[in-house]
Amino acid sequence: MSDDLVQDRHAQATALLGTTGAARSRVDSKESERASRRWWDADAGDYHDTHGEFLGTASPGGEFVWCPEGLHEGDMRLLGEIAGKRILELGCGSAPCARWLAGQGAHPVGLDLSMGMLSRGLAAMEQGGPRVPLVQAGAEDLPFAGESFDLACSAFGAVPFVADSARVMREVARVLRPGGRWVFAVNHPMRWIFRDDPGPDGLEAVLPYFDRTPYTEFDGDGRCTYVEHHRTIGDRVREIVGAGLVLDDIVEPDWPEWLDREWGQWSPLRGQIFPGTAIFVSHKPE
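Parameters and conventions
- Residues numbered from 1 in each chain as written.
- Predicted model: local features only at pLDDT ≥ 70, side-chain atom pairs only at ≥ 80, totals over all residues.
- Heavy atoms only, no water.
- Phe/Tyr/Trp six-rings, centres within 6.5 Å; stacked < 30°, edge-to-face > 60°.
- Helix = DSSP H or I, 4+ residues; strand = E, 2+ residues; numbered from the N terminus.
- Lys NZ or Arg CZ within 6 Å of the ring centre and 35° of its normal.
- Core = buried A, V, L, I, M, F, W, Y, C linked by side-chain atoms within 4.5 Å.
- Buried < 20%, exposed > 50% of the residue type's maximum accessible area, 1.4 Å probe, protein only.
- Contact = heavy atoms within 4.5 Å.
- Pairing = 2+ DSSP bridges.
- Axes fitted to C-alpha atoms, helices over the stretch in contact; angles between N-to-C directions.

The chain is annotated in an unreviewed UniProt entry as Class I SAM-dependent methyltransferase from Nocardia flavorosea.

So, on to the packing of aromatic side chains. Following the criterion strictly, the structure yields 15 aromatic pairs and no others. Taken together, a centroid distance of 6.4 Å and an interplanar angle of 75° make the contact between Tyr47 and Trp263 edge-to-face. Of this pair, Tyr47 sits in helix 3 (residues 29–55) while Trp263 sits in the loop between strand 9 (246–251) and helix 9 (268–271), and the two are 216 residues apart along the sequence. For the ring pair Phe184 and Phe280, a centre distance of 5.1 Å and an interplane angle of 15° mean the geometry is stacked. Pair noted here: Phe184 is in strand 6 (residues 176–187) and Phe280 is in strand 10 (residues 277–283), with a separation of 96 residues, a long-range link. Grouping aromatic residues by their ring pairs yields a cluster made of Trp39, Trp40, Tyr47, Phe54, Phe161, Tyr215, Tyr226 and Trp263. Taking NZ or CZ as reference, Arg261 lies 4.6 Å from the ring centre of Phe54, over its face.

All right, on to the nonpolar core then. The biggest cluster of nonpolar side chains holds 39 residues, and the ones touching the most others in it are Phe64, Trp66, Leu79, Ile82, Leu101 and Ile279. Elements that contribute at least two residues to this core include exactly helix 2 (11–17), helix 3, helix 5 (96–103), strand 5 (149–155), strand 6 and strand 10. Sorting elements by how many residues they give to this core places helix 3 first, with six residues. When near neighbours in sequence (up to four residues on either side) are disregarded, Ile279 contacts Trp66, Leu71, Leu78, Val183, Phe184, Ala185, Asp249, Ile250, Val251 and Pro253. Ranked by size, the runner-up nonpolar core spans 27 residues in total, among them Ala139, Leu142, Phe149 and Ala152.

Taken together, the three strands give an open sheet; going across it, the order is 1-7-8, and neighbouring strands pair in antiparallel fashion. For this open sheet the edge positions go to strand 1 (19–24) and strand 8 (224–228), each flanked by a neighbour on one side alone. Put simply, the sheet's adjacent strands are angled 20° from each other on average, direction ignored. Pairing geometry for strand 1 and strand 7 (residues 215–219), over five bridges, is antiparallel. Opposite Thr19, over in strand 7, you have Asp219 as the bridge partner.

Here you go:
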């Protein structure tokens, strides 16, 4: 990502955090968590101004949109039967997905690192609609007892932003009851090889798919202000299976004809050529 793109898309966060550039550099769990908490606190305003209507964040009842391609859980039913189920959402942000689940008769709990994001969910719930418990915590160490949830989900939350995503899979497996599903959406791993650009420049493969070095942004003192971690499709599969879960499906959404908006690197131009999202569907054996 170029510095210009960083500034244009996240002006408030880059100004607050003093972001001056970007690089590929190693980041451990502690530094990754610190950077992500500060970033999402700082970017909450711009994020909701840009994507809030699409995601239904301001609606007291929320919406459950899996990805920039607009897949809705009400249509996809990737979680299966949700009424009466206790559901954990990782990286819930302002919790539009958890609020939508509650409106469908589920008993969700939303978890996120950022109080800036969670506070927007609390503000939305003050306007009416179902109440959802929100917890500020990281995904690598879930503050819940074993086998305490029927289902778990994440729509572009937590998983791409942690240094040890294999640990996240093990933690989810720990808190899931036998038979419970774990469904999460992330950037499609093949996107790593392209520039983070929705236009023609984003159609040229320029980066090694097998380089797992995180993408980072940093301030004038070299401190990480944003981090995103890459895993290959094979890495994701091994992490899921290594946690004792069963992989049921990998959904690669087509770009819908009706959708003409850009979202960061997502665009109709790129979406017609290669996938932008991968949704992993798995379950814990009985």
